[in-house]
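Chain residues, written in single-letter form:
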Amino acid sequence: MSRIEARTDPLTTLGNRRALASNLAATMAEPPGALQQLLVMFDLDGFKQYNDTFGHAAGDALLRRLGIRLAAAATVHGGSAYRMGGDEFCVLAHTSPDTARSCSTTRWQR
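Residues numbered from 1 in each chain as written. Predicted model: local features only at pLDDT ≥ 70, side-chain atom pairs only at ≥ 80, totals over all residues. Heavy atoms only, no water.

A.B. asks: Sorry, what's going on with the overall build of the protein here?
C.D. replies: Scanning the protein from N- to C-terminus turns up 5 helices and 3 strands. Scored against the burial criterion, the 110 residues of the protein give a buried share of 32%. Partitioning the intrachain contacts of the protein with sequence separation of at least 6 by distance along the chain shows that 59% fall at a separation of at least 24. Total accessible area computed for the protein in this model is approximately 7100 Å², and 56% of it derives from carbon and sulfur atoms. (Helix = DSSP H or I, 4+ residues; strand = E, 2+ residues; numbered from the N terminus. Buried < 20%, exposed > 50% of the residue type's maximum accessible area, 1.4 Å probe, protein only. Contact = heavy atoms within 4.5 Å. Areas by Shrake-Rupley, 256 points an atom, 1.4 Å probe, with all protein chains shown as cover.)

A.B. asks: How do you make sense of the environment of Ala6 when you look at a structure like this?
C.D. replies: Tracing the chain through its elements places Ala6 in helix H1 (residues 3-6). On the basis of relative accessibility, which here comes to 16%, the residue Ala6 falls in the buried class. For the pair Ala6 and Arg17, spaced 11 residues apart in sequence, the C-alpha separation works out to 9.8 Å.

A.B. asks: Would you take a moment to explain the side chain of Asp87 for this structure?
C.D. replies: Along the polypeptide, Asp87 turns up in the loop between strand E2 (79-85) and strand E3 (88-95). There is no salt bridge for the buried Asp87, and the closest opposite charge comes from Arg83, which lies 7.7 Å off by N-O distance. (Lys, Arg positive; Asp, Glu negative; His and termini not counted. Salt bridge = Lys/Arg side-chain N within 4 Å of Asp/Glu carboxyl O.)

A.B. asks: When you look at the pairing of E2 in this model, what are you seeing that I'm missing?
C.D. replies: Two faces, one strand: in a regular strand the side chains alternate between the faces of the sheet. With 5 of 7 residues buried, E2 lies mostly within the body of the structure. Sheet topology note: the E2/E3 ladder contains 6 bridges and is antiparallel. Bridging from a neighbouring strand, Tyr82 pairs with Cys90 of E3. Hairpin connection, E2 to E3: the antiparallel pair is bridged by 2 residues, and Gly86 has positive phi, about 55°. (Pairing = 2+ DSSP bridges.)

A.B. asks: Just to check I follow, could you spell out the side chain of Thr27 for this structure?
C.D. replies: Looking at where Thr27 falls in the secondary structure, it is placed in helix H2 (residues 17-29). Setting aside chain neighbours within four positions, we find Thr27 in contact with Gln37, Leu92 and His94.

A.B. asks: Looking at this model, I keep getting lost on the sheet that holds strand E1 (residues 36-43). Mind explaining?
C.D. replies: Adjacent strands of a sheet pair through backbone hydrogen bonds, lying either parallel or antiparallel. Strands sit in the order E1-E3-E2 across an open sheet of 3 strands; the sheet is antiparallel. Of all the strands in the sheet, just E1 and E2 have a single pairing partner and so form its edges. Neighbour-to-neighbour, the strand axes of this sheet turn through a mean angle of 20°, independent of strand direction. The strands touched by helix H4 (residues 56-76) within the sheet are E1, E2 and E3, with E2 carrying the most contacts at an inclination of about 150°. (Axes fitted to C-alpha atoms, helices over the stretch in contact; angles between N-to-C directions.)

A.B. asks: Looking at this model, I keep getting lost on the packing of helix H3 (residues 47-54) against H4. Mind explaining?
C.D. replies: Two numbers describe a pair of packed helices, the interaxial angle and the distance between the axes. The N-to-C vectors of H3 and H4 enclose an angle of 135°; their axes lie 6 Å apart at closest approach. Classified by the interaxial angle, the pair formed by H3 and H4 is oblique. Along its contact with H3, which presents Phe47, Tyr50, Asn51 and Phe54, the element H4 presents His56, Ala58, Gly59, Leu62, Leu63 and Arg65. (Parallel < 35°, antiparallel > 145°, perpendicular 65-115°, else oblique.)

A.B. asks: Sorry if this is basic, but what is going on with H2 here?
C.D. replies: Count 3.6 residues to each turn of an α-helix, and residues three or four apart come out pointing the same way. Here H2 is 13 residues long and its end C-alpha atoms lie 18 Å apart, about the 18 Å a rise of 1.5 Å per residue gives. Residues of H2 that are buried: Ala19, Leu20 and Thr27. Angular distribution of buried residues about the axis of H2 spans 95°; they occupy a single face of the element. Residues Arg18, Met28 and Ala29 are exposed on H2 and point more than 90 degrees away from its buried face. In the core, the buried residues of H2 are packed alongside E1, E2 and E3. N-capping of H2 is provided by Asn16, with a side-chain oxygen placed 3.0 Å from the backbone N of Arg18. (Expected span 1.5 Å × (residues − 1). Arc of directions from axis to C-beta. Polar contact = N/O pair within 3.5 Å; in protein donor to acceptor, adjacent residues only side chain to side chain.)

This is the structure we're talking about:
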């Protein structure tokens, strides 16, 4: 298994827990500066019911679409998106202190 495969979720191609842990460690090792780190956690409510109703193939397609959109939103905010497993995702973004304070989940709903 390659290093890239070990750090990538095969369904969404987002980084996985291992990639997030590595990126968090690198971030913590950086000297204090003007940018802050923003960690946003997401969990899809009702995803099990979606899978039960529409099937796992539809659920996988939904997760892939979510991964694409979340990665695009994370990039706009100077960060990276990760799939933690199942229906759990997160974003790690470099941002200014003002943006970090004003960021809300409504900014990520697209």
